[in-house]
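Understanding the architecture of this molecule
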Amino acid sequence: MTPAHPIPRETAHKLARRTLFGFLVTFVLSRIFVFLIMAQMMPNLYFFMHGTHVHHLNYGIFLLAAVCGYSVFRRPIGRAAEITALLYGVAMGLTFDEFGMWLHLGGSYWQRASVDAVVVVAALFGLVAFAQSIRRFEKRHLWAFGALAALVLGFGFVLYLAGNRLGADMGPTLQTLEEASSP
């Protein structure tokens, strides 16, 4: 017996695109909000508990736990799976935006490790979202893959150099801004 309304099947690619979207938008908005708060261009939205600043990576961890639990116990399909994938991306964005603080708990928000981690995670989501199926990978794709890999490596090198330059130029300003906004 077939159901009256067929259950839509999500593909990993489609769900990964939703995750990637949520991840990138959350990362960009997090960076913008933190900068605007530190520059006192918008109200301080930070949550403090007994004088301790609760960083947004904690919200990401709790959201990751909730999304994981929902995914395991409810096994969402259709629209629920799409929303779950989007929320997973948001949680990953909140968490990896402060990845540098995983490594250096007392460190600055503007650590290079956080941006590097976001680039790596976004690349992995992008591969799942947009990569061709291995079964359809033909010899002609190998040349395109090689060219694309060379371009990505070249772009990564340029991004690395630009990041170092930007860090050298903007780092002291951001550090001063962060120190001025500390309670």
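Above: the structure in question.
Read on for a plain summary of the structure. Just so we're clear, the structure is a prediction, and the values are computed from it rather than from any experiment. All residue numbers refer to positions counted from 1 along the written sequence of the respective chain. The predicted nature of this model means local features are confined to residues of pLDDT at least 70 and side-chain atom pairs, given and counted, to a pLDDT of 80 or more, with totals for whole chains, interfaces and linings taken over all residues. Hydrogens and waters are ignored; side-chain quantities use all the structure's heavy atoms.

Section: the overall build of the protein
Defined as follows: Secondary structure counts use DSSP, requiring at least four H or I residues in a row for a helix and at least two E residues in a row for a strand, with both numbered from the N terminus. Whether a residue is buried, partly exposed or exposed follows from its accessible area with a 1.4 Å probe, protein chains only, as a fraction of its type maximum: under 20%, in between, or over 50%, in that order. Under the convention used here, a 1.4 Å probe and the Shrake-Rupley method define accessible areas, while residue burial counts only the protein chains that appear.
A tally of regular secondary structure across the protein gives 6 helices and 2 strands. Reading the helices (α) and strands (β) of the protein from amino to carboxyl end gives α-β-β-α-α-α-α-α. For the protein, the residues scored as buried account for 28% of the 183 residues in total. When the accessible surface of the protein is summed, it comes to about 12700 Å², and 72% of that surface belongs to carbon and sulfur atoms.

Some remarks on a nonpolar patch on the surface
So the rule is basically this: Patch rule: a residue counts if its relative accessible area is over 30% and it has no salt bridge; like charges are joined within 9 Å, and nonpolar side chains (Val, Leu, Ile, Met, Phe, Trp, Tyr) within 5 Å. Take a side-chain nitrogen of Lys or Arg and a carboxyl oxygen of Asp or Glu: if they are within 4 Å of each other, that pair is a salt bridge.
Together, F21, V25, V28, L29, I32, F33 and L86 line one region of the surface with nonpolar side chains, adding up to about 580 Å² of accessible area. Counting residues per element, the nonpolar patch draws most heavily on helix α1 (residues 12–38), at 6 residues. Looking at where V25 falls in the secondary structure, it is placed in helix α1. Under the relative-accessibility criterion, V25 is labelled partly exposed at 33%.

Remarks on the environment of A129
Spelled out, the test is: The contact criterion used is simple: two residues touch if any of their non-hydrogen atoms lie within 4.5 Å.
Mapping A129 onto the fold places it in helix α5 (residues 112–130). Along the backbone, A129 and R17 are 112 residues apart, and their C-alpha atoms lie at a distance of 5.0 Å. In this view, A129 contacts H13, A16 and R17; residues no more than four positions away in its chain are not counted.

Regarding the pattern of salt bridges
Pairing between side chains of opposite charge can happen when their charged atoms approach one another. Per the counting criterion, the structure on display carries 4 salt bridges. For E82, the salt bridge is made with R18, and the minimal N-O distance between the two is 3.2 Å. In this pair, E82 sits in helix α3 (residues 79–96) while R18 sits in helix α1, placing the two residues 64 residues apart along the sequence. In this structure E82 comes out as buried when scored by relative accessible area, which is 9%. The partner of E82 in a salt bridge is R79, with the nearest N and O atoms 3.1 Å apart.

A word on the environment of Q111
Take Q111: it is sitting in the loop between α4 (99–103) and α5. The class for Q111 is buried, based on a relative accessible area of 13%. Between the C-alpha atom of Q111 and that of M101, which follows or precedes it by 10 residues, the distance is 7.9 Å. Discounting residues that sit within four places of it in the chain, Q111 has contacts with G100, M101 and H104.

Description of the packing of α1 against α3
Here is the rule we go by: Axis angles are defined between N-to-C directions and span 0 to 180 degrees, where every axis is a line fitted to C-alpha atoms and, for a helix, only to the segment in contact. Crossing handedness is read from the near helix: turned anticlockwise from the far helix by less than a right angle, it gives a left-handed crossing, and turned clockwise, a right-handed one. All residues other than Ala, Val, Leu, Ile, Met, Phe, Trp, Tyr, Cys, Pro, Asp, Glu, Lys and Arg, Gly among them, are scored as polar; the first ten of these are nonpolar and the last four charged.
Between α1 and α3, the least distance of the axes is 7 Å, while the angle of their chain directions is 35°. In this structure, the crossing between α1 and α3 has a hand that is right-handed. In contact with K14, L15, R18, T19, F21, G22, F23, T26 and S30 of α1, α3 contributes R79, A81, E82, A85, L86, Y88, G89, V90, M92, G93, L94 and F96. Each residue belonging to the contact of α1 with α3 can be placed in one class, and the counts come to 11 nonpolar, 6 polar and 4 charged.

Looking at the side chain of S30
Its place among the elements puts S30 in helix α1. Leaving out residues up to four positions away in the same chain, S30 has contacts with H56, L94, D97 and Y109.

Here's the deal with unusual backbone geometry
Most peptide bonds adopt trans geometry, and most residues besides glycine take a negative phi value. Phi at Q40 takes a positive value of approximately 55°, unusual for a residue other than glycine. Tracing the backbone shows Q40 in the loop between α1 and β1 (47–49). Here Q40 falls in the exposed class, since its relative accessible area comes to 67%. If you check the backbone angles, R75 has positive phi at about 45° while not being a glycine. Mapping R75 onto the fold places it in the loop between α2 (56–74) and α3.

Read these as geometric descriptors, not functional statements.
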